[in-house]
Amino acid sequence: MKNKCIIFIFILILCTRLYADSGAEFLNIGVNPRAIALGNAYSAVADDSSAVFWNPAGLNRIFDFEFFFMHQKWLFETDLEFLSAAKRFNIGVIGFSLSYFHMPDFDLFGEHGERSTASVYDLLLISSYANKFKGILYGINLKYVKRVLDDQSASAFAADAGIIYSFNLLKLYKGPFPNFDLSFLVKNVGSEVKFESEGDNLPLTFTTGFKYIIQSRIKHKLFLSGDFSYRNEEPLIFGIGIEYNLADILFLRCGYKSEDSQSQIVFGAGISYDISSFNVSVDMALFSFNEETLYPYSIGIRNSMDKSLKVSRVDSKRKVEKPVNPAYKNKTVLGFMNFKNLSNKDQLQYLSATIPESVSTILSKNTNLIIIETEKINSKIDKIRIIEEEQYNYMYLYNELGIVHLITGSFIEVENKIKVDLKIINVKNNKLIYAKSITGLSGKNIFSLIDKVSVDLSAFYK
């Protein structure tokens, strides 16, 4: 009986240590070995379903569906299990996760020798929603926290919110996508965790982070990330990490983390491989904490990208032979890209899609031409942007769609006049075959300018 009492007291001391500064410190234990190996510098990197934990805005980078599971042995025979899933819908991305922090049940004996079993565990349920607005990724979480200490329990509700914004900064390589991501995040805004009448605040945390892509080639990718957090009047928490990606198959990582006046270096690795229509990844991290060596591991499963999009592992210099669609025989297939708005006036942005849509409608009357809808091209490019294929070869996409000529351009307003720079590119050799500037009045006469562009192109393909 004495030994059992000592064990129970030890468990209570352990729980006190784990939750000393706030109501549920287990919320601060990182999930996903990839993130841990990057020194927890993951708020701007998150691109899988574990983004539910790190930054819900990162769920926007999920292509279709993803499932993730992690197991981690923690201190004093405790374990952390983490499960998450996310799915893309027309309204955005919906995510869900479950965290279960637990230890083995143990026996307790009463004053008269009666025996009972005691349980100690923590539970976290998260539901997430993510979407994007004018290029800014955003996400929100709703959380339910429950703690159980033998026959006592406590619960709380909380919320998280985060954003990610991408832009170019000191770019060292050529590619169509931004190389720098900046994130902002607030976590654990909510009620107290209360045992009977006593309560503690959740670990309210403010985080800003970045991801800087140093190199992004088809077979070699390298990025640096960092996170800086402020939590409950504690000293600044920060972490930095670096990841090397070899052909999207092998990943090597190293990170540094400083928290609670303690610092540690973390190492990690991962592999990723396509099996049928799924991509399976296995990751592991290795670090030391309180003189114990910990090695969390995880398995992630996601739908592979559509084969026509999966070009990061295709040599862009290799000629791709594609059977000719019988419907395209002896005809010229045209593809339209939205025109770039070079003006400072947002009200002219509607012309970006209006010009190609109006012109393509007129050109479709030509029986020798086949028009690929602008939406079809843009939807595929949007999917590529979601998965961040920075080194994407657009000509490969146009070839997959059967496009022979790509019509694109830009427009700008100067002194109440709009100038449209029109270009036609031969997709097969990526050469400019036609270029012309057409000028017209803005305002109510804008459609006469569109007519000019239509007449000019109709004459070219007559």
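Rules used in this analysis
- Residues numbered from 1 in each chain as written.
- Predicted model: local features only at pLDDT ≥ 70, side-chain atom pairs only at ≥ 80, totals over all residues.
- Heavy atoms only, no water.
- Phe/Tyr/Trp six-rings, centres within 6.5 Å; stacked < 30°, edge-to-face > 60°.
- Helix = DSSP H or I, 4+ residues; strand = E, 2+ residues; numbered from the N terminus.
- Buried < 20%, exposed > 50% of the residue type's maximum accessible area, 1.4 Å probe, protein only.
- Lys NZ or Arg CZ within 6 Å of the ring centre and 35° of its normal.
- Contact = heavy atoms within 4.5 Å.
- pLDDT = per-residue confidence, 0-100.

Peer 1: An account of the packing of aromatic side chains is requested, with residue identities and associated values reported.
Peer 2: A complete count under the given rule lists 14 aromatic pairs for this structure. The interplanar angle of 70 degrees and the centroid separation of 5.8 Å between the aromatic rings of Tyr-42 and Trp-54 together place this pair among those described as edge-to-face. Of this pair, Tyr-42 sits in the loop between helix 2 (33-37) and helix 3 (51-54) while Trp-54 sits in helix 3, and the two are 12 residues apart along the sequence. Each member of the pair Tyr-42 and Trp-54 is classed as buried. Note on Tyr-434 and Phe-460: the rings are 4.7 Å apart at their centroids and 45 degrees apart in plane angle, and the pair reads as tilted. One end of the pair, Tyr-434, is in strand 25 (residues 431-441); the other, Phe-460, is in helix 7 (residues 446-460), with 26 residues separating them in the sequence. Each member of the aromatic cluster is reached from another via a ring pair, and the members are Tyr-165, Phe-167, Phe-180, Phe-210 and Tyr-212. Sitting over the ring of Phe-53, Lys-187 keeps its end group 4.0 Å from the ring centre.

Peer 1: Run through unusual backbone geometry, naming residues and quoting values.
Peer 2: Even without glycine at this site, Asn-40 takes up a positive phi of about 65 degrees. Residue position: Asn-40 is located in the loop between helix 2 and helix 3.

Peer 1: An account of the side chain of Ser-97 is needed here, citing residue identities and associated values.
Peer 2: With respect to the element layout, Ser-97 can be found in strand 3 (residues 92-102). Residue Ser-97 is classed as buried on the basis of its relative accessible area, which comes to 0%. Sequence-distant contacts of Ser-97, that is, excluding residues within four places in its chain, are made with Val-52, Phe-82, Leu-83, Ser-84, Leu-124, Leu-125 and Ile-126.

Peer 1: Can you explain the confidence of the model for the protein chain? Please cite residues and give values.
Peer 2: Mean pLDDT over the protein chain stands at 80; residues scoring 70 or higher make up 78%. Confidence, expressed as mean pLDDT per element, reaches its minimum in the protein chain at helix 1 (residues 2-18) with 44 and its maximum at helix 3 with 96. Across residues 1-21 the pLDDT falls below 50, and counting only partners more than four positions away or on other chains, this stretch makes 33 contacts in the model. Ignoring residues within four places in sequence, the model shows residues 305-324, a span with pLDDT below 50, making 40 contacts including any to other chains.

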